[in-house]
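Summary of the model geometry
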Amino acid sequence: MMRALLLSVTLLAPACTQAGVSTEDLAEIRAVISRQIDAFKRDDARSAFALVSPHVQEEFGSPERFLAAVRVSYRAVYRPARVTFLGLTVIGPDAVQQVRLTDRSGSVWHAYYAMQRQEDGSWRTNGCRLVQPAKTIPT
């Protein structure tokens, strides 16, 4: 997995650097998301909560409430069977990292993580939109 992550960072490096996100930023964004998913897998509410932006922390109020919301509404993020990082889109000072998740029943989901750079230069998640990819029905 680490080799695939490094390869994808290398391939995206020129585009990200031009858009104001360095290869180091891309690696950190993906590491933050990976650490948060790992925290969910361990039911480690405090660690997962520490990786969200101050705005999201304020909205939920406590690590336990945050984890409870993820457990109920974001099952594919809470307990994924497989995680694959896709493209990164830079929007002003922020970025959206697309992640393909496969849940334990084999369904594929796309998670769009809004990532926010903090004043100290670190990155935190600032929301996640979870959707199932569109399916084409042959006519």
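Residues numbered from 1 in each chain as written. Predicted model: local features only at pLDDT ≥ 70, side-chain atom pairs only at ≥ 80, totals over all residues. Heavy atoms only, no water.

1. Things to note about the pattern of salt bridges
What counts, and what does not: Here, a salt bridge means any side-chain nitrogen of Lys or Arg that lies within 4 Å of a carboxyl oxygen of Asp or Glu. By definition, any uninterrupted DSSP run of H or I lasting at least four residues is a helix, any uninterrupted run of E lasting at least two residues is a strand, and each is numbered from the N terminus. Working definition: with a 1.4 Å probe on protein chains only, accessible area under 20% of the residue-type maximum means buried, over 50% means exposed, and in between means partly exposed.
Enumeration according to the criterion identifies four salt bridges in this entry. Of the charged contacts in the structure, one is a salt bridge between Asp25 and Arg117, with a shortest N-O distance of 3.1 Å. Taken as a pair, Asp25 in helix H2 (residues 23–41) and Arg117 in strand S3 (residues 108–117) lie far apart in primary sequence, 92 residues in all. On the basis of relative accessibility, which here comes to 10%, the residue Asp25 falls in the buried class. Arg79 is the salt-bridge partner of Asp43, the closest N and O atoms lying 3.2 Å from each other. Highlighted residues: Asp43 in the loop between H2 and helix H3 (45–50) and Arg79 in the loop between helix H6 (75–78) and strand S1 (82–91), separated in sequence by 36 residues. Overall, the relative accessible area of 18% leaves Arg79 in the buried class. Via salt bridges that share partners, Asp43, Arg71 and Arg79 belong to a single interconnected network.

2. Concerning the nonpolar core
Keep this limit in mind: Buried Ala, Val, Leu, Ile, Met, Phe, Trp, Tyr and Cys residues form a nonpolar core when they are joined through side-chain atoms within 4.5 Å. Pairs of residues are marked as contacts when any of their non-hydrogen atoms sit within 4.5 Å.
Counting 32 residues, the largest nonpolar core has Leu101 and Tyr113 as the members making the most contacts within it. Counting residues per element, the ones that place at least two in this core are H2, H3, helix H5 (63–73), H6, S1, strand S2 (94–102), S3 and strand S4 (123–131). Per-element tally for this core: the top contributor is H2, with seven residues. Look past the residues within four positions of Leu101 in its chain and what remains in contact with it is Ile37, Ala76, Val77, Pro80, Arg82, Val83, Ser107, Val108, Trp109, Ala111 and Leu130.

3. With respect to the layout of surface pockets
Rules: Buriedness for pockets is judged along seven lines, at least five of which must meet protein on both sides within 12 Å for an open set on the 1 Å grid over protein atoms alone, while cavities are sets there where a 1.4 Å probe fits but cannot get out, and lining residues have an atom within 4 Å of a point. Grid points are joined across faces, edges and corners, and a volume is the space filled by probe spheres set on the points. For this scheme, ten residues count as nonpolar: Ala, Val, Leu, Ile, Met, Phe, Trp, Tyr, Cys and Pro. Four count as charged, namely Asp, Glu, Lys and Arg, and the remainder, Gly too, count as polar.
The space that makes up the largest pocket amounts to roughly 280 Å³. Going through the elements one at a time, H2, helix H4 (54–60), H5 and S4 are the ones with two or more residues in the lining of the largest pocket. Its residues assigned to classes, the lining of the largest pocket comprises eleven nonpolar, five polar and one charged.

4. Let's talk about the sheet that holds S1
Note: strands within a sheet are paired through backbone hydrogen bonds, in either parallel or antiparallel orientation. We count it as follows: Criterion used throughout: strands pair if DSSP finds at least two bridges between them. Comment: axis = line fitted to C-alpha atoms, over the contacting stretch for helices; angle = value between 0 and 180 degrees taken between N-to-C directions.
Taken in spatial order, the four strands line up as S1-S2-S3-S4 in an open sheet, and their pairing is antiparallel. Of all strands in the sheet, those bounded by a partner on one side alone are S1 and S4. Each adjacent strand pair in this sheet contributes to an overall mean axis angle of 25°, direction not counted. Bridge analysis of S1 against S2 gives eight bridges, and the strand direction is antiparallel. Paired with Thr84 across the two strands is Arg100, which belongs to S2. Taken strand by strand, H2 contacts S1, S2, S3 and S4, and its axis lies near 65° from that of S4.

5. Focus: the confidence of the model for the protein chain
Stated precisely, the cut-off is as follows: Per residue, pLDDT captures the predictor's confidence, and it can take any value from 0 to 100.
Chain-level statistics for the protein chain give a pLDDT mean of 87 and a share of 86% at 70 or above. Mean pLDDT values over the elements of the protein chain span from 41, in helix H1 (residues 2–18), up to 98, in H3. Below a pLDDT of 50 lies the segment residues 1–18, which in the model reaches 18 contacts outside its immediate sequence neighbourhood of four places, other chains included.

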